[in-house]
Amino acid sequence: MSGLASVFSTCRAESRAALIGYLPAGYPSVEGSKDVLKTMVSAGCDLVEVGLPFSDPVMDGVTIQRAAEQALRGGFRVRDLFGVVESVAAAGGRAVVMTYWNPVLAYGVDRFARDLAAAGGLGVITPDLVPDEGAEWIGATDAHDLDRIFLVAPSSSGERIDLAAKSSRGFLYATSVMGVTGARDVVSSAAPALVKRVREHTDMPIGVGLGVRNGAQAAELAAFADGVIVGSAFVSAVQDDTVAALTEDLATGVRQVATPA
Amino acid sequence: MSRGQLAPTPHDPDEGGHFGRWGGRFMPEALIGAVDELAAFYEKARVDPEFLDEFARLLRDFAGRPSLLTEAPKFGAHAGGARVFLKREDLNHTGSHKINNVLGQALLTKRMGKKRVIAETGAGQHGVATATACALMGLDCVVYMGEVDTERQSLNVARMRLLGAQVIPVKTGSRTLKDAINEALRDWVANVDDTHYLLGTAAGPHPFPVLVRDFHRIIGVEARQQILEKAGRLPDVVAACVGGGSNAIGIFHGFIDDPSVRLVGLEPGGDGIDTARHGATLTAGTPGSLHGAMSYVLQDEDGQIAEAHSISAGLDYPGVGPEHAHLKDIGRAEYRPVTDAQAMDAFALLSREEGIIPAVESAHALAGALVLGRELGPEGLILVNLSGRGDKDMDTAIKWFGLGVES
Ligand SMILES: Cc1ncc(COP(=O)(O)O)c(C=O)c1O
């Protein structure tokens, strides 16, 4: 079983969704991000997504953009990523990496997969790499036993959902809204429809993200998704020093009994 | 006017948009539907006589094509005595080559039934052309422009606003063209149902590099015929400036099957390519994916995109269109850097000697022609794509040459 499959099967056994929390490595500093991730793990994240700060994050809203800028200004280097991932494993947590494609290319596709696997990372989410361009990546992740997570969006055709599902391992990432990252007041109505469509194509666990910021919203998503992904809200919580409280609120949310639709 | 300029060529990319190992689609899944739709509409339009007629009519009656070919003998005297001809894209409506692509994509926008257009702009020329086409065709228009560029090209900001466009200054990153593209992409993901992203250069994900190129192929088609008429032979060199690469690829394609014609792209060398302050992507960049395509990119060893630097806002970009990367790879085109100082010298020279004030972008091509002419000598024949006019650059010229009124 892939490392990520066991995360989801454990949560499924508890009849609940997994809580997946995102934080850019190097934010607020390299050591600071290790501390925040440790808190996220101990307060209830089943999986953390460690972001690789990138100069041109076109899928991110202003909260994550600013965090990435701060990390890069603070001198973050790609090689620091692996230490951050290692610290999650050392804290008893499980980590995947979320990265734009160009830093992987520059680091070396195979080398990146190798070093991440060696650091204890379980997989990689690639928001601007589609499976159509993924041949080299698929080879490298296979060679190093890493899960790889492609994305599906409300605009994806059935054919493309199929392609993403076939090409992914671990889970599928469903972007619940058409838009960039950023906390929103209401959970998108497109999300349940998208998850329903995706389920017609695959049994793979489905993580839903974009916009979640509190336990109530997490509960809404947990009613139909296998994983609830929370990003910008964690970045904001670092600024407000409320990471533990946010994690607990979200962890309670994903454990609420699903209300029948 | 030739109707065949959009027809498929042997130089088209594969189905996934790859020119050799370059191009393709490195972009969010959420936008794949939109680029698929665009590609499907374009493949139909490029062979549809009705579309071709409508495009030809707009180029003629609205943009003012064909543009002139002007010989520049006094300028040529400084270029080793070579004969230099200028393809006068500066005389197009709105003042640059950008209008060709904009009219084509605006027509496609209408065909797709979309009501809203977004665009990025560096120098403001693409933004002005887009605002113009949207005014003409009744489309809503939003233009993203780096804050640095809104300052150095303030005249064009005013033009866009007058034309009814909303101009949004982008305050993230280097606050120039690259960041304007990031912001336009973010807008597009959120509004893709009713919005077309009218990309201004021959870069980005497939099918943009092909369709932008094709809408500019008219430049090369006209120029080839004109220079044969005026000089009686093909040029030795075709020179064009390269930002993202649209004016260059448009004129290059007129000569791409003429092996005797050298195709030379002039890149922004800024303070010099031995400094960190330049935008010479093909000369000094490395392979990478930026804004949807694999091409040469200015980046550090971590793959973080570098800030480009150029006196010319329209060339101030750390990426370049993928077909240029391919033409470089196969040796069909060559690319050379031109420094800010060389470009501004050529800018002044053409103004003084020929009574034509070029865009600072185009001045890079002129500076290249001065060097190439000296290499070729008096027998040489050079065609320069004069991609735009310099009215927008008066602030830059005032600062560079100290042309302000003495106080
Ligand atoms: C007059 C002019 N020439 C050239 C360019 C560079 O673009 P490209 O390389 O796509 O032709 C610009 C861009 O703004 C421009 O305004």
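Note that the coordinates shown come from a computational prediction; the quantities given were computed from them, not determined experimentally. (Residues numbered from 1 in each chain as written. Chains lettered and ligands numbered in written order. Predicted model: local features only at pLDDT ≥ 70, side-chain atom pairs only at ≥ 80, totals over all residues. Heavy atoms only, no water.)

**Side note on the overall build of chain B**
Then, number 1: In terms of regular secondary structure, chain B is built from 15 helices and 14 strands.
Then, number 2: Relative to a compact globule of 407 residues, whose C-alpha radius of gyration would be 22 Å, chain B shows 19 Å and is just as compact.
Then, number 3: In terms of its C-alpha atoms, chain B occupies a principal-axis envelope of roughly 55 × 50 × 45 Å.
Then, number 4: Within chain B, buried positions represent 65% of all 407 residues.
Then, number 5: Of the contacts formed within chain B by residues at least 6 apart in sequence, a portion of 76% connects residues at least 24 apart.
Then, number 6: On chain B, roughly 13500 Å² of surface is accessible, and the fraction owed to carbon and sulfur atoms is 52%.
Then, number 7: Across chain B, the centroid of the 40 positively charged side chains sits 4 Å from that of the 53 negatively charged ones. (Helix = DSSP H or I, 4+ residues; strand = E, 2+ residues; numbered from the N terminus. Rg over C-alpha atoms; globule rule 2.2 N^0.38 Å. Buried < 20%, exposed > 50% of the residue type's maximum accessible area, 1.4 Å probe, protein only. Contact = heavy atoms within 4.5 Å. Areas by Shrake-Rupley, 256 points an atom, 1.4 Å probe, with all protein chains shown as cover. Lys, Arg positive; Asp, Glu negative; His and termini not counted. Charge placed at Lys NZ, Arg CZ, Asp CG, Glu CD.)

**Overview of the side chain of Glu 89 of chain B**
Residues and elements named next belong to chain B.
Then, number 1: Summarising the element assignment, Glu 89 is placed in the loop between β4 (83-88) and α4 (98-112).
Then, number 2: For Glu 89, a relative accessible area of 0% puts it in the buried group.
Then, number 3: Excluding residues that lie within four positions of it along the chain, Glu 89 makes contacts with Arg 65, Ser 67, Gly 95, Ser 96, His 97, Asn 100, Ile 219, Asn 385, Leu 386 and Ser 387.

**Let's talk about the nonpolar core**
A general trend in soluble globular proteins is that nonpolar side chains are found buried together.
Then, number 1: In this structure, Val 50, Leu 81, Phe 112 and Trp 137 of chain A together with Trp 188 and Phe 252 of chain B are the most contacted members of the largest nonpolar core, which totals 186 residues.
Then, number 2: Here this core spans two domains, and each of domain 1 (17-62 + 98-208) and domain 2 (64-95 + 216-401) of chain B adds at least three residues to it.
Then, number 3: Every residue in contact with Phe 112 of chain A, bar those within four places of it in the chain, is listed here: Leu 52, Val 78, Leu 81, Phe 82, Val 97, Thr 99, Val 104, Tyr 107, Val 124 and Trp 137 of chain A.
Then, number 4: Residues Val 237, Ala 369, Leu 370 and Val 384 of chain B belong to the second largest nonpolar core, which totals 33 residues. (Core = buried A, V, L, I, M, F, W, Y, C linked by side-chain atoms within 4.5 Å. Domains from an automatic or database assignment.)

**Describing unusual backbone geometry**
Then, number 1: Omega for the peptide link from Arg 65 of chain B to Pro 66 of chain B comes to 0°, which places this bond in the cis form.
Then, number 2: For the peptide bond that leads from His 206 of chain B to Pro 207 of chain B, omega is 10°, which places it in the cis range.
Then, number 3: As for its placement among the helices and strands, Pro 207 of chain B is situated in the loop between β8 (195-197) and α9 (208-231).
Then, number 4: At Ser 15 of chain A, a position not held by glycine, the phi torsion is positive, near 50°.
Then, number 5: The topology assignment puts Ser 15 of chain A in the loop between α1 (3-13) and β1 (18-24).

**Some remarks on helix α2 (residues 30-43) of chain A**
All names here are of chain A.
Then, number 1: For α2, which comprises 14 residues, the first-to-last C-alpha distance of 20 Å matches the rise-based estimate of 20 Å (1.5 Å per residue) to within 8%.
Then, number 2: Those residues of α2 that sit buried are Gly 32, Ser 33, Val 36, Leu 37, Met 40, Val 41 and Ala 43.
Then, number 3: Elements that come into contact with the buried residues of α2 comprise β1, β2 (47-51), α4 (78-90), α11 (232-240) and α12 (243-255). (Expected span 1.5 Å × (residues − 1).)

**Here we look at the packing of aromatic side chains**
Then, number 1: Enumeration according to the criterion identifies 13 aromatic pairs over all chains in this entry.
Then, number 2: Between Phe 82 of chain A and Tyr 107 of chain A, the ring centres sit 5.4 Å apart and the planes meet at 45°, which makes this aromatic pair tilted. Placement of Phe 82 of chain A in helix α4 and of Tyr 107 of chain A in helix α5 (residues 101-107) is noted, with a sequence separation of 25 residues between them.
Then, number 3: Here Phe 82 of chain A falls in the buried class, since its relative accessible area comes to 8%.
Then, number 4: Overall, Tyr 107 of chain A belongs to the buried group, its relative accessible area being 11%.
Then, number 5: The cationic tip of Arg 111 of chain A hangs over the ring face of Tyr 107 of chain A; the distance from NZ or CZ to the ring centre is 3.9 Å.
Then, number 6: It is Lys 44 of chain B that lies over the ring of Phe 41 of chain B; its NZ or CZ is 5.6 Å from the centre. (Phe/Tyr/Trp six-rings, centres within 6.5 Å; stacked < 30°, edge-to-face > 60°. Lys NZ or Arg CZ within 6 Å of the ring centre and 35° of its normal.)

**Side note on the sheet that holds strand β13 (residues 333-339) of chain B**
Whenever strands of a sheet pair, they do so through backbone hydrogen bonds, lying parallel or antiparallel.
All names here are of chain B.
Then, number 1: Taken in spatial order, the six strands of this open sheet run β3-β4-β14-β9-β10-β13, and their pairing is mixed. On the outer flanks of this sheet lie β3 (69-71) and β13, each paired with one strand and no other. Going from strand to strand, the sheet's axes swing by 25° on average, the running direction of each strand aside.
Then, number 2: Where strand β9 (residues 237-241) and strand β14 (residues 381-386) come together, three bridges link them in parallel fashion. The partner of Ala 239 across the bridge, within β14, is Val 384.
Then, number 3: Packing of helix α13 (residues 340-354) onto the sheet brings it into contact with β3, β4, β10 (262-270), β13 and β14, and relative to β13 it is tilted by some 90°. (Pairing = 2+ DSSP bridges. Axes fitted to C-alpha atoms, helices over the stretch in contact; angles between N-to-C directions.)

**Points about the confidence of the model for chain B**
Then, number 1: When pLDDT is averaged along chain B, the result is 96; 98% of the residues meet or exceed 70.
Then, number 2: As scored by the predictor, the complex reaches a pTM of 0.96 and an ipTM of 0.95. (pLDDT = per-residue confidence, 0-100.)

**Describing the site of the ligand**
Residues and elements named next belong to chain B.
Then, number 1: With respect to spatial proximity, 19 residues lie near the ligand, and among them Thr 201, Gly 243, Ser 246, Asn 247 and Ser 387 are the closest.
Then, number 2: Side-chain polar atom of Lys 98 to an oxygen atom of the ligand: 3.1 Å apart, as the coordinates give it.
Then, number 3: Here the ligand loses 98% of its free accessible area of 390 Å² to cover by the protein chains.
Then, number 4: Its residues placed into classes, the shell around the ligand shows five nonpolar, twelve polar and two charged.
Then, number 5: Shared between two domains, the shell around the ligand holds at least three residues of each, these being domain 1 (17-62 + 98-208) and domain 2 (64-95 + 216-401). (Near = heavy atom within 4 Å. Polar contact = N/O pair within 3.5 Å; in protein donor to acceptor, adjacent residues only side chain to side chain. Nonpolar A, V, L, I, M, F, W, Y, C, P; charged D, E, K, R; others polar.)

**Brief notes about the sheet that holds strand β5 (residues 116-121) of chain B**
Residue and element names in this part refer to chain B.
Then, number 1: Strand order in the open sheet made by the four strands is β7-β6-β5-β8, with parallel pairing throughout. Two strands close off the open sheet at either side, each with one partner strand: β7 (166-170) and β8. Taking the axes of each pair of neighbouring strands and ignoring which way they run, one obtains an average angle of 20° across the sheet.

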